[in-house]
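Spelled out, the chains give:
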Amino acid sequence: MIKKGFTLIEILLVVVLISVITAFSVPVFSSLVGSTELNESVDKVAHSLRRAQLLAESKSEDSAWGVYIDTDKVVVFAGSDYVTRDVSLDEEYMFNEQINVSGLTEVVFSELSGEPDVTGTINLANTFGSETISLNSEGAVIY
């Protein structure tokens, strides 16, 4: 009579194989998620800069428009600076708290011309990489 089933060695072999596959795939998945979060944050900041410039050029709300970058969000605002802005017009875009931001934190674009009041770079980084966004005197956003 033949008995059907799996031996203990076969079951252990399958468990070890699954463990090895998992051990290799978790770091790859983590790296992929981290780099995706960084790219999304860069896109949100670049989009916000371009949006504020467009709103300023079109004299929306008859105001200058700007961008304020905080540790976990970027805010498009109407007004000559973030402190005295019209809060009811704020547009907030959240990003991952593990993103470290350095460089420019506030940029205001002048009405009609859309020229920024400051130029420089915004650096975003996490454990999986870093990206730099440059803003020149004509308001071009380069990344």
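Refer to the structure printed above.
Residues numbered from 1 in each chain as written. Predicted model: local features only at pLDDT ≥ 70, side-chain atom pairs only at ≥ 80, totals over all residues. Heavy atoms only, no water.

A. Examining the overall build of the chain more closely. A count of helical and extended segments in the chain gives one helix and eight strands. Taken over C-alpha atoms, the radius of gyration comes to 24 Å for the chain, far larger than the 15 Å a tight globule of 143 residues would show. A principal-axis box enclosing the C-alpha atoms of the chain has dimensions of 90 × 30 × 20 Å. Taken over 143 residues, the chain has a buried fraction of 31%. Considering only intrachain contacts with a sequence separation of at least 6, the fraction spanning at least 24 residues in the chain is 51%. (Helix = DSSP H or I, 4+ residues; strand = E, 2+ residues; numbered from the N terminus. Rg over C-alpha atoms; globule rule 2.2 N^0.38 Å. Buried < 20%, exposed > 50% of the residue type's maximum accessible area, 1.4 Å probe, protein only. Contact = heavy atoms within 4.5 Å.)

B. Quick look at unusual backbone geometry. Within the chain, Lys59 stands out as a residue other than glycine whose phi angle is a positive 55°. Among the structural elements, Lys59 can be located in the loop between α1 (8–57) and β1 (65–69). Classification of Lys59 by relative accessible area gives partly exposed; the value is 37%. Located in the positive-phi region is Leu112, a residue other than glycine, with phi close to 70°. Its place among the elements puts Leu112 in the loop between β5 (106–109) and β6 (120–126). According to the relative accessible area criterion, Leu112 is exposed, its value standing at 59%.

C. Spatial organisation of the pattern of salt bridges. Considering all chains together, one arrives at five salt bridges under this definition. Here Lys73 makes a salt bridge to Glu92, at a shortest N to O gap of 3.4 Å. Of this pair, Lys73 sits in strand β2 (residues 73–78) while Glu92 sits in strand β3 (residues 91–94), placing them 19 residues apart in sequence. Here Arg85 makes a salt bridge to Asp90, at a shortest N to O gap of 2.8 Å. In this structure, Arg85 and Asp90 share a single accessibility class: buried. Salt bridges linked by common partners bring Lys59, Asp62 and Glu111 together as one network. (Salt bridge = Lys/Arg side-chain N within 4 Å of Asp/Glu carboxyl O.)

D. Looking closely at the sheet that holds strand β4 (residues 100–103). Within the open sheet, the four strands sit side by side as β4-β6-β7-β8. Their pairing is antiparallel. Only two strands of the sheet have a single partner each, and these edge strands are β4 and β8 (141–142). The sheet contact formed by strand β7 (residues 129–135) and β8 spans two bridges and is antiparallel. Its bridge partner lying in β8, Leu135 is registered against Val141. (Pairing = 2+ DSSP bridges.)

E. Broad picture of the sheet that holds β3. Read across the open sheet, the four strands follow the order β3-β2-β1-β5; overall the sheet is antiparallel. Because the sheet does not close on itself, it has two edges, and the strands there are β3 and β5. Here the strands of the sheet are splayed against their neighbours by 15° on average, with no regard to which way each runs. Relative to β2, β1 runs antiparallel, the two being bridged by five bridges. Within the sheet, the bridge partner assigned to Val67 lies in β2 and is Val76. Seen against the sheet, α1 touches β1, β2, β3 and β5 and runs at an angle of roughly 160° to β1. (Axes fitted to C-alpha atoms, helices over the stretch in contact; angles between N-to-C directions.)

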